[in-house]
Amino acid sequence: MLYQGCEIGVAGLGVMGRNLALNLDDHGVQVAVYNRTQDKTREFLAGEAAGRRIRGAYDLKEFVGLLRKPRALLLMVKAGPPVDQMLRELLPLLEAGDLVIDGGNSHFTDTARRERILAKKGLLYLGLGVSGGEKGARFGPSLMPGGSRKGYDRVEPFLTAIAAQVNGEPCVTYLGTGAAGHYVKMVHNGIEYALMQLLAESYDLLKRGLGFSAPELAQVFESWQQGRLQSFLVEITARIFRKRDDLTGQPLVELILDAAGAKGTGKWSSWDAMDLMVPTPTIDVAVTMRDLSAHREERQEIARLLGAPAPQDPANREEFLRQLENAFFAAMVVSYAQGLAQIRQASLAYHFGVNLEAVARVWRGGCIIRARLLEDIRSALQIRTDLPNLLLDPHLGEMVRACEADWRAVVRQAVAWGLPAPAFMVSLAYYDAFRSPWLPANLIQAQRDYFGAHTYERLDRPGSFHTDWDD
Ligand code: 6PG
């Protein structure tokens, strides 16, 4: 057959870019690659890509020249200014009808802006959320594309081929217009933060509360993995507790400095939830606790000053383990509930046209928050795609309600031990607040009116009222 050029170009040969290029090549897609540092391209072509059909280019002009028209380019460069820089250099080389896909963790407002700029030149743009880390990119990520429908249709066969598959269904589908894909990825990361914080709190309660050793902890998370908590994050947590340090033979996790880093996607998720006035307290507190953990010196000093609470009677181990498993399940449902409610609201506000059932579908495999629970979530969203809150689904709602007593017991125990478990706590408070037909917000309205004449509405008559409270 006559060589017509490569079907897609991957720009940026960091580990994600390299692995996606290899994954595409595995599936028979003709790939061209480019990296700003030429050595990286040479190294890749002579190493991992040796013997494959992947073609390399050493400058952008050559790269663009290798691509079949209309061209499709996948940018795998660091989110932020590097994407704008790459676009600035590419634009003069591209033609109307070409498609640019940004596969990084770009902020959704950047994606929306870039799509508008490219559209003026007749170029198609897709913001593509890619989850699953290095292995996912290599062997099957979860893909969250949004933007130009026409552009998506063009690359759908490639994306479908490389994505993770669950029961014969690919973990990719068109999610909506504009920045829908990057938005969904951002909230995916928000939920990721929430689940990681809940796992960290579980670890703390078992370690400092019950005195569990690393092998005992591994056993707990391995047993969770056998049931309804089955998920990627529980699986890797169990594995982490089994890992021993090569140098000392001790459990490696215990040697890691207790200050968490963050690249910012969780914070972005919380930020926008607040802008949209969607409550996502579990995600918010997960961001806060990473920040707090990083104030390590301050923590050491305050600990010296204020000490630890008086020791409490140890809980019944078996009983507490059972309660914790149920509390984790309830808080897990609540974490997904918050994220999906945010996506629903964002889709309305930003006109993305996201179908929540499709989101649950693409999250079932390949991504960091993949979990057995997503099957139930998907079923709930199949019945009602615009479900405002997962707690409104009778099946999910009942499952959470059944965990209520154990959830409270875990929170009570954490308080008694003086161990911080804010993600369990705010998840429970979220649940309690949403099942409250009445909340004390009337007092807040009265206070606002008292000091700021902000007015209030009444339950017994229409209109807006102001009172002279000191009179
Ligand atoms: C994924 C991950 C991935 C990455 C994030 C999290 O879905 O594969 O979410 O995108 O690990 O950047 O990073 P931070 O924890 O540093 O914010």
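Residues numbered from 1 in each chain as written. Predicted model: local features only at pLDDT ≥ 70, side-chain atom pairs only at ≥ 80, totals over all residues. Heavy atoms only, no water.

(A) Just helix α5 (residues 108–120), in detail. With 13 residues, α5 should reach 18 Å at 1.5 Å per residue; the first-to-last C-alpha distance of 19 Å fits that figure. Buried residues of α5: Phe108, Thr111, Arg114, Glu115 and Leu118, and no others. Along the axis of α5, the buried residues cluster in a sector spanning 115 degrees; they form a single face. Relative to its buried face, α5 has exposed residues pointing more than 90 degrees away, namely Arg116 and Lys120. (Helix = DSSP H or I, 4+ residues; strand = E, 2+ residues; numbered from the N terminus. Expected span 1.5 Å × (residues − 1). Buried < 20%, exposed > 50% of the residue type's maximum accessible area, 1.4 Å probe, protein only. Arc of directions from axis to C-beta.)

(B) Geometry of the pattern of salt bridges. Taken as a whole, this structure holds 36 salt bridges when the rule is applied. Here Asp110 ties to Arg114 by a salt bridge, and the two come within 4.0 Å at their closest N and O atoms. Of this pair, Asp110 and Arg114 both sit in helix α5, four residues apart, which is roughly one turn of the helix. Residue Arg114 is classed as buried on the basis of its relative accessible area of 1%. (Salt bridge = Lys/Arg side-chain N within 4 Å of Asp/Glu carboxyl O.)

(C) Main features of the sheet that holds strand β6 (residues 124–131). Reading across from one edge, β3-β2-β1-β4-β5-β6-β7 is the order of the seven strands in this open sheet, with mixed pairing throughout. Edge positions in the sheet fall to β3 (55–57) and β7 (142–147), since each of these pairs with one other strand and no more. Geometrically, the sheet is characterised by an average inter-axis angle of 25 degrees between neighbouring strands, direction not taken into account. Across four bridges, the pairing between strand β5 (residues 99–102) and β6 is parallel. (Pairing = 2+ DSSP bridges. Axes fitted to C-alpha atoms, helices over the stretch in contact; angles between N-to-C directions.)

(D) Quick peek at helix α4 (residues 81–90). Of the residues making up α4, those classed as buried are Val83, Asp84, Met86, Leu87 and Leu90. Considered in projection along α4, the buried side chains sweep an arc of 160 degrees and stay on one side of the axis. In α4, the exposed positions that point more than 90 degrees away from the buried face belong to Pro81 and Arg88.

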